[in-house]
Amino acid sequence: MQIDSFPQPASKSCLFLSAPVAFLCLLVIHTLIIITCLLIQEAGYLCWNEEVKKASKELWKPQLSRVLIKCYGKSYALAGLFEFFLEAIKVIQPLLLGKIILFFENYHPDDQRSLCMAYVYAAAMSISTFGLTILQHLYYYHVQRTGMRIRVAMCHMIYRKALGLSTESIGRTTTGQIVNLLSNDVNHFDEITLRLHYLWAGPLQAMVIIVFLWYEIGPSCLAGVATIAVMMPIQTWFGKLFGIFRSKTAVLTDSRIRIMNEVVSGIRIIKMYVWEKWFSALVTEVRKKEISRILKSSYLRGLNMASFFASSKLIIFVTFTVYTLLGNTMTASQVFVTMSLYGTIKVTLTLFFPLAIEKLSETVVSIRRIKNFLLLEEIERKNIMLPLAEKGGNSIEIEKLTCYWDKSLDAPSLQNVSITAKSHQLLTVIGPVGAGKSSLLSAILGELPRDTGTLKVKGQLTYASQQPWVFPGTIRSNILFGRELNPKKYEQVLRACALKKDLEMFPDGDLTLIGDRGATLSGGQKARVNLARAVYEDADIYLLDDPLSAVDAEVGKHLFDKYPYVFIHMKYSIFYMELLIVRLDLSFQFNTGHFMALYTLCSEITNSKTMFKYKDVLGSFLVLQVEAIQTIAEETRAEGNVSSHIYFTYFTAGLSIMLYYLVEYPAVNQIPNYFFNIVLLCLLLGLTAAAVVFGFARSLVIFHGLVRSAQTLHNSMFSAVLHTPVSFFDVNPIGRILNRFSKDVSQMDSVLPITFVDFYQLFLQNVGVIAVAASVIPLILIPVVPLLLIFLYLRSLYLRTSRDIKRLESTTRSPVLSHLSSSLNGLSTIRASRSEEKLKKDFDAHQDLHSEAWFLFLMTSRWFALRLDSICSIFITLTAFGLILLRDGLVAGEVGLVLTYAVTLMGNFQWTVRQSAEVENMMTSVERVVEYTELKNEGPWETQQHPPSDWLSQGMITFDRVNFFYDTDGPPVLKEISATFHAKEKVGIVGRTGAWKSSLVSAIFRLAEPQGKIYIDGVVTSEIGLHDLRQKMSIIPQDPVLFTDSVRKNLDPFNQHTDEDLWKALEEVQLKSVVEELPGKLEAVLAESGSNFSVGQRQLVCLARAILRKNRILIIDEATANVDPRTDELIQKTIRDKFKECTVITIAHRLNTIIDSDRIFVLESGTIQEFDHPFTLLQNKEGALYRMVQQMGQAESASLLESARQVRVIFTPFFEMLSSTIVLHLVALQCLLVTYFNNHSPIR
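Not measured: the values here are computed from a predicted model. (Residues numbered from 1 in each chain as written. Predicted model: local features only at pLDDT ≥ 70, side-chain atom pairs only at ≥ 80, totals over all residues. Heavy atoms only, no water.)

I'd like a rundown of the packing of helix H5 (residues 175-183) against helix H8 (residues 221-265), residues and numbers included.
At a minimum axis separation of 7 Å, H5 and H8 run at an interaxial angle of 120°. Considering how the two elements wind past one another, H5 and H8 form a crossing that is right-handed. Seen from H5, the contacting residues are Thr175, Gly176, Gln177, Val179 and Asn180; seen from H8, they are Ala250, Thr253, Asp254, Ile257, Arg258 and Asn261. For the contact of H5 with H8, a count of residues per class yields three nonpolar, six polar and two charged. (Axes fitted to C-alpha atoms, helices over the stretch in contact; angles between N-to-C directions. Helix = DSSP H or I, 4+ residues; strand = E, 2+ residues; numbered from the N terminus. Left-handed = near helix turned anticlockwise from the far one by under 90°. Contact = heavy atoms within 4.5 Å. Nonpolar A, V, L, I, M, F, W, Y, C, P; charged D, E, K, R; others polar.)

Explain the sheet that holds strand E15 (residues 1033-1036) to me, and be specific about the residues and the numbers.
Taking strand neighbours across the sheet as the criterion, the six strands line up as E15-E16-E17-E12-E18-E19 in an open arrangement whose pairing is mixed. For this open sheet the edge positions go to E15 and strand E19 (1167-1172), each flanked by a neighbour on one side alone. Neighbour-to-neighbour, the strand axes of this sheet turn through a mean angle of 15°, independent of strand direction. Contacts between helix H29 (residues 997-1004) and the sheet are confined to strand E12 (986-990), E15, strand E16 (1113-1117), strand E17 (1143-1147) and strand E18 (1159-1164), with E17 contributing the most and set at about 145° to the helix. Against the sheet, helix H34 (residues 1095-1109) contacts E15 and E16, and its axis sits at roughly 165° relative to E15. (Pairing = 2+ DSSP bridges.)

Go over the packing of helix H3 (residues 112-164) against helix H25 (residues 781-825), please, and point to the residues and values.
Relative orientation of the contacting elements H3 and H25 amounts to 15°, with a least axis distance of 9 Å. With respect to their mutual orientation, H3 and H25 come out roughly parallel. Here the hand of the crossing between H3 and H25 comes out right-handed. Across from Tyr159, Ala162 and Leu163 in H3, the residues of H25 making contact are His819, Leu820, Ser823 and Leu824. Here the contact of H3 with H25 is built from residues that sort into five nonpolar, two polar and no charged. (Parallel < 35°, antiparallel > 145°, perpendicular 65-115°, else oblique.)

I'd like a description of the side chain of Ser818, backed by residues and values.
Among the structural elements, Ser818 can be located in helix H25. Apart from the residues lying within four places of it in its own chain, the contact partners of Ser818 are Pro733, Ile734, Gly735 and Arg736.

Could you give me a rundown of the pairing of E12, with the residues and numbers involved?
A large share of E12 lies buried, amounting to five of its five residues. The alternating pattern of E12 places Lys986, Gly988 and Val990 on one face and Val987 and Ile989 on the opposite face, and all of these are buried. As judged from the four bridges shared by E12 and E17, these two strands associate in the parallel manner. Bridging across to E17, Ile989 finds its partner in Ile1147. As paired elements, E12 and E18 share four bridges and run parallel to each other. For Val987, the partnering residue across the bridge sits in E18 and is Arg1159. (Buried < 20%, exposed > 50% of the residue type's maximum accessible area, 1.4 Å probe, protein only.)

And the structure:
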């Protein structure tokens, strides 16, 4: 990673330093962060591995908390020394304050010894104040750094574990849970390290303070101590409840983020199926349950905070009441020393101690969740890697192998399979859908756990998956996948995988950014990039899982004939295809996991043929461009102040009766020692009770309002995301979107409300304190005003930087989540190519970038806090010495009041300013959420102009000069398309991969708004609502998408069909027997993305959906690419029977699938090449369809031609009869018109 890649803050926010110094600081921080992260990541991982091994030997459960203590306990314990001295100084300061007040009580002008001692006490107070400032920030620096180190190590371990998860373990977790662990759970380590030391420091400090209180006011102090003792168990119980609520909330958050991940991944299908409202209801329901748990936690936080603010009133009231009723008279020194000591113990025991229990309870839950994840089973690697000289003989030996994906199901995925394969052979595995072909490859890869039998693999594996996996980056980086660029080999791979022509279409060639999930590539292009990655790998065994299913006949022939290097160069290959290609060595036939037969199809490829020479095949080369550093477009960040619009939106989102309670009802905290009588006690009791009651009510109501605001904004953001065009998801990685729904929403749910409540209560309390102090000593306002101005100036200076750094921290977190999501999608490919280390380094690089931003944020916070505290220390020093210098005429009570307020007010004052800045920093999360609530919408779902009730009864589609753009600034992908698909017509759409065939579907469904007009049954599609349009059409998509829900919900989410209808649809797509074997049958819950079904079975589920919808228009986009020919034939028969009254548009690369269509539509680069009956097109030997058919080979092309001729024979008499009928009707109509005009002629 280069320092240049680190995004810089705005020029106005240069960390208050000159440019060279700022750059040097960034360089130092960058280096330290990377070195520190590398060390702590490996240390944490090694300690955890050691703990797991030791636990397995000694038969006890491994404890993650023990590992954390072992790795970080010593450094964290050393930080406890700072905490010890901090709390000691806080105890000493009230005693020094008492000594200074005592000097004024016994003041005598001639007593020089007392005067000298007063100066000594003032100096000691000044030194203690400065010491407190320095120690406090040293403490915060060390514990926050420790928290960051633990968080970084946990993220590294979680990602490392995710890369090694077994298939069974993947089924027991979800992407949502892993994202939640990385974005929310690990953040509790940053919080707990700040407060954990108070669990021992609080009680220890309390015991010392009780001793001093006993010395000051005797047994009366026990009344106040008893009040604290009553409150502590309640707050401890609250802390345990936090843990319970946190564990329940985390599960719901996992579920919500999982659903969001599925929504973003399958947004095209959701929009085309018109399932937005169902998913909206699903997310809203989960969010509602999550908010109910968060509200309970927030109410507890509100009670805790209200207890803190009310405790000072209760403790002082009870103590002084008891002391007075016992007949004692209090001096000024006793009053202010007692109040100061109680103030110290109040902060420690009623604020920090309960907060420590709360954070500990939540962290324990997070540690348990992370530990359970880290204990999931990992995949076992048993491949034998031999040196090149020793390789030979059998590369794969399988004997009586039986494997299960899920042992709860009776049927094994593979059963009693025995195969021996030699080096330098090319093999194929064939069988029907669900036969276990991909399972065999998974077993060889080690992905499918072995139950019985033996499996030996010798050599380096590489793998091209059935569902192409690409990651955000350039096409070149996807092919190289971290390997060194060999220009000659790279050029040859591009030609071999037929990518040269595609790259010429892109302005940046192989440096084109392909975005998240390969959004800018067609299905065939993604498949060939996926294949090129495997071919470029210098491996010994190549496993190709149906790599040609998404490419057309021409490209398929190119891949297999014109450049045999793709396969011949391979030392050994198992090649799974649905369509058998005959020029292979061996063919294994599978049926429901059983090895059926072994066919020898041709002689073994000799070693001489496998030796590849560049000069034989290479030809000419292009000069490759030097790959510049290219990344996905950077996430947008606001600049400057958080606008008032954001505040208004946030506070009004949950506005109900909240504002009524925003007014502080100040109670008198200070009690003069000369007004104790029964009347005053009663009045004071009433004021105290009112303050406590209103304080509790206010906290509860405001927390409720702010959490409801978070709920409202979340729902608005989700609604906006559902309404935004598909292009938004093409340019924004999934991690960027999930980041806002996880981390930013979590900030609004939990952190922002408590920070805001703390700020406004302190603000109003400070106003009350200043008012009381000014009423006694008006001159106190003189220093307060300039101090306020200085604080506000520093706040403005700090926010200028901290806001931008906080925004930067939020955006640098998105690549971490995107990288995780992308890695989880391509686990098999990553593990097959042994690229885990590369992916870990990439993940650590993203983490380093985020850690730099986070560390900068921590340091700027320390910068701001240190300056505020230093100013307060100077002010206290000047106040202490100033009172002694101006001692004549001062009363002890006034001195005590001034000094107490100087210490209390300055502490509260600077904390209030800091909290106000933190509120602004945290409002950047609200800002990011509000930004997504204002996303550009696609067309309205429903409009006032509804189509007629009988609309789309025919199914005729007309394109009138249609141009289609994915990017308004880019070239059109469909150009001047004008054509008509007649009602009930079966139209086949073919073309080379990358011809923008699927874009025609996008135009019909208005996934982006086309230029020109598309008519469906005479209605212009752009003039009606999107839901009115889309719900009248059915689609079987190229990429089948299933969701984590029951089979029933995946087929019929709105419960519009009976069980009988569902079973009938499943039977018609050959899936009834599969679903009947599932536990729960229709109620069986599918794994995430439907991974417990094969790709072919998922496409059949999509076909069943189309059968249930019974619409007049059916669009099939490569729906049978991943099924065997027999199943394809059955599906085509089902389509002909079930949709004979419908207009059917079929996009296919298998020409036999569409050769019996009424007409065939040939696309090339987004323009119409040919459009006519297939037989007619095949008569044109210069035509595009004819060339494609010839690519299939002589026998296959003859078969296709005969099929087209038979369809012509069937349909020609029909059309001739139809034409004769039309002519007869026209003649009859003409005769009627002639007769009419003759009878009504004016001449007559």
